[in-house]
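# Descriptive analysis of the structure
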Amino acid sequence: MNALHLVSRRKWAPFLWVLPVILLILFVYAYPLVSILRYSVHALQGAKQVFVGLANYRFVSKDFIFWTALRNNAILLINVPILTVIALLVAIPLYEGVKGWRFYRSVIFMPFVLPSVAIGLVFIYILQQNGLVNTVLRAAGLGMVALDWLGNPNLALPTLMAVIIWRELGFGVVLFLAAMTALPEELGEAARLDGANWFQEHLYVTIPQLKPVIRFFVVNEIISMISWVFGYVYVITGGGPGFATQVLELYIWKNAFAYRAFGVASAVAVILLTITLLIMVVGLGALFRSEEEEYV
Amino acid sequence: MSDESSGGWRPASLLGKLLSQILLVAVSLAALFPIYFVVVNAFKTKQDYLVSLLAPPLRPTLANFAEALRRGNLFVWFRNSVLVTVASVTVVTVLSSAAAFATSKMRFPGRKTLLKVLVSLMIMPPVVMVIPLFIFMVRIGWINTFPAVIVIYSGLLAPFSVYLLNSFFGSIHDEIIAASIIDGCSTFEVYRRIILPLSTPALATLVVVNSLWVWNELLISLIFLQGDQIRTLMAGLTQFQGRFSVNQPLVLAGAFLGMMPIIVLYLVGQRYFVRGLTAGAIK
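My aim in this report is to walk through the structure given alongside it, one point at a time. (Residues numbered from 1 in each chain as written. Chains lettered and ligands numbered in written order. Predicted model: local features only at pLDDT ≥ 70, side-chain atom pairs only at ≥ 80, totals over all residues. Heavy atoms only, no water.)

This next bit is on the overall build of chain A. Looking only at helices and strands, chain A features 15 helices and 2 strands. Radius of gyration (C-alpha) of chain A: 24 Å, far over the 19 Å computed for a compact globule of 296 residues. Dimensions of chain A, computed from the C-alpha atoms along their principal axes, are close to 75 × 75 × 30 Å. Within chain A, buried positions represent 56% of all 296 residues. Put simply, chain A has 19 plus and 15 minus side-chain charges, and the middle of one group is 16 Å from the middle of the other. (Helix = DSSP H or I, 4+ residues; strand = E, 2+ residues; numbered from the N terminus. Rg over C-alpha atoms; globule rule 2.2 N^0.38 Å. Buried < 20%, exposed > 50% of the residue type's maximum accessible area, 1.4 Å probe, protein only. Lys, Arg positive; Asp, Glu negative; His and termini not counted. Charge placed at Lys NZ, Arg CZ, Asp CG, Glu CD.)

Take a nonpolar patch on the surface next. Residues and elements named next belong to chain A. A cluster of nonpolar side chains, contributed by Trp198, Phe199, Leu203 and Tyr204, occupies part of the molecular surface with about 470 Å² of accessible area. Structurally, Leu203 can be placed in helix α11 (residues 198–209). Judged by relative accessible area, Leu203 falls into the partly exposed class, the value being 37%. (Patch = residues over 30% accessible without salt bridge, like charges linked within 9 Å, V, L, I, M, F, W, Y side chains within 5 Å. Areas by Shrake-Rupley, 256 points an atom, 1.4 Å probe, with all protein chains shown as cover. Salt bridge = Lys/Arg side-chain N within 4 Å of Asp/Glu carboxyl O.)

Turning our eyes to something else, we now look at the interface of chain B and chain A. Counting from both sides, the interface comprises 113 residues of chain B and, opposite them, 107 residues of chain A. Here chain B is connected to chain A by 0 salt bridges. In this assembly, chain B and chain A are joined by 7 residue pairs in polar contact (both at pLDDT 80 or more). Of the residues forming the side of chain B that touches chain A, the biggest block, 15 residues, is contributed by helix α1 (residues 14–42) of chain B. A class-by-class count of the residues in the side of chain B that touches chain A yields 78 nonpolar, 24 polar and 11 charged. (Contact = heavy atoms within 4.5 Å. Polar contact = N/O pair within 3.5 Å; in protein donor to acceptor, adjacent residues only side chain to side chain. Nonpolar A, V, L, I, M, F, W, Y, C, P; charged D, E, K, R; others polar.)

This paragraph deals with the nonpolar core. Formed by 194 residues in total, the largest nonpolar core has its most connected members in Phe109, Phe176 and Phe257 of chain A together with Phe37, Val128, Ile131 and Phe224 of chain B. The leading source of residues in this core is helix α9 (residues 153–181) of chain A, at 16 residues. Residues from two domains meet in this core; each of domain 1 (14–61) and domain 2 (72–278) of chain B gives at least three. Ignoring any residue separated from it by four or fewer positions in sequence, one finds Phe257 of chain A in contact with Phe262 of chain A together with Val130, Ile131, Phe134 and Ile223 of chain B. (Core = buried A, V, L, I, M, F, W, Y, C linked by side-chain atoms within 4.5 Å. Domains from an automatic or database assignment.)

This part takes up the packing of α11 of chain A against helix α12 (residues 211–227) of chain A. Residue and element names in this part refer to chain A. The geometry of α11 relative to α12 is characterised by a closest axis approach of 5 Å and an angle of 65 degrees between their N-to-C directions. Taken together, α11 and α12 sit at an angle that is classed as roughly perpendicular. Packed against α11, whose contacting residues are Ile207, Pro208 and Gln209, the element α12 presents Lys211, Pro212 and Ile214 at the interface. Class assignment for the residues of the contact of α11 with α12 results in 4 nonpolar, 1 polar and 1 charged. (Axes fitted to C-alpha atoms, helices over the stretch in contact; angles between N-to-C directions. Parallel < 35°, antiparallel > 145°, perpendicular 65-115°, else oblique.)

Let us look at unusual backbone geometry. Of the consecutive residues Gly240 of chain A and Pro241 of chain A, the connecting peptide bond is found in the cis state with omega at -5 degrees. By the element assignment, Pro241 of chain A lies in the loop between α13 (230–236) and α14 (248–258). The residue Arg260 of chain A is not glycine, and still its phi comes out positive at about 55 degrees. For Asn144 of chain B, which is not glycine, the phi torsion reads 65 degrees and is therefore positive. Among the structural elements, Asn144 of chain B can be located in the loop between α6 (126–139) and α7 (146–170).

Structure follows, in structure tokens:
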């Protein structure tokens, strides 16, 4: 592990190698994380910061837009089980090596690497009132289900969720497939010899062995649905119609950069950060403990 | 990844195979369809678009791209995105490979703590960091400058980059390093002549994944690069949609420009995407 420390007599040499990254991280992570706490209890008046205690948090707690955003982020979590189940369903035949599985894998993974902005633009034209979906529906005589997918407040969020599933599914599939190919084959074979059918084999043998990777995916997607959906929402609906697709990130962004209410935005940022950290600690705690020896 | 026989022998259930194929074809078509939609419509005139949203262009035209060049700043934004991506990825690759060299091959106090901190920083939502960074950049007058976003992107990507390279460098045998030291290599020469050349696949993976991330990024570029001449392509495209929303083929030509470099890169180096984007979950 340490061939170099025998040779390098200068004790500070390792620090020199990590110093640039540490400085970068202090600036981009540490400084903002400390500042945001401070900003959240201040109001910015001109260049001056005035201490306001918990006033920003009180304001937020009375703002229905904040609660709408929080609720919408919570609704987005419905995507997590859907993504997990579909991704497993798709990954299993790929793992079994059906004809053309490499091709399918390439195609199914592709949406995940494409920019969400470009994807968003495309889906606007597919889903808008006179977009592709409705044109096709009308041509097929199904005009009554040609709904305003993005303009109807009751439909906008489910539609957005479908777009998110479209883009994130490939990630789950490839992740699960990679984990499956690392599994020992003996267990599956034994189950088959014992008379397990396809369904039983995967439900009782394959999937339980994937627990760590499923757990990683679930935690990762929960965090994504709560704090990484800005790109989709900003482009496709802008949070509307009304506040139907408002989410926490957009709420922070709007308050900070449209209304210059940095204190309010910071308070919500602190709330978002707390939620994210809680999910990480609860969700990944066990995973971290069991794997950190390997990683470090 | 395994070979074609990865699942081992299986009873040839024809129905099972058929259902698998149906499922996979359906998911694949769903994945490809929006991409098909962009590609066919970016080369159509508005009239042809209105005639059919689905048909391939009967009279393919580059008019949308010409118009984008004339009326929008699409190509300037494209160039800005290339510049920001190349610069940020270069900076983070150089700095994180140096740091990972130390964390994987040297012993120093705080090494393990550093790695743990890096892993937990990987999930920090950027939207939390941007407010203090914005106020800071305003104070030093760096809003609407490339160095501001290059520093921020490099910093945001550093934890993942060090983490990825640390585990790869760790797998390089110490004997090789010891031998080269006996041959008279300095620490820097070990890094330059041994570690980096032996890590080409890991470095390629890192460069691909980081480039993808910077190219696709919206929030930070929206906040820190607001001038029309300095916008990145992703931020520009959101503007473009607002201004030309009724000229669908024009906007789709913009979306096409945003996707194309990624699709080309993906077709060339798919395994680097898969490896890099699943790193962290699977060892």
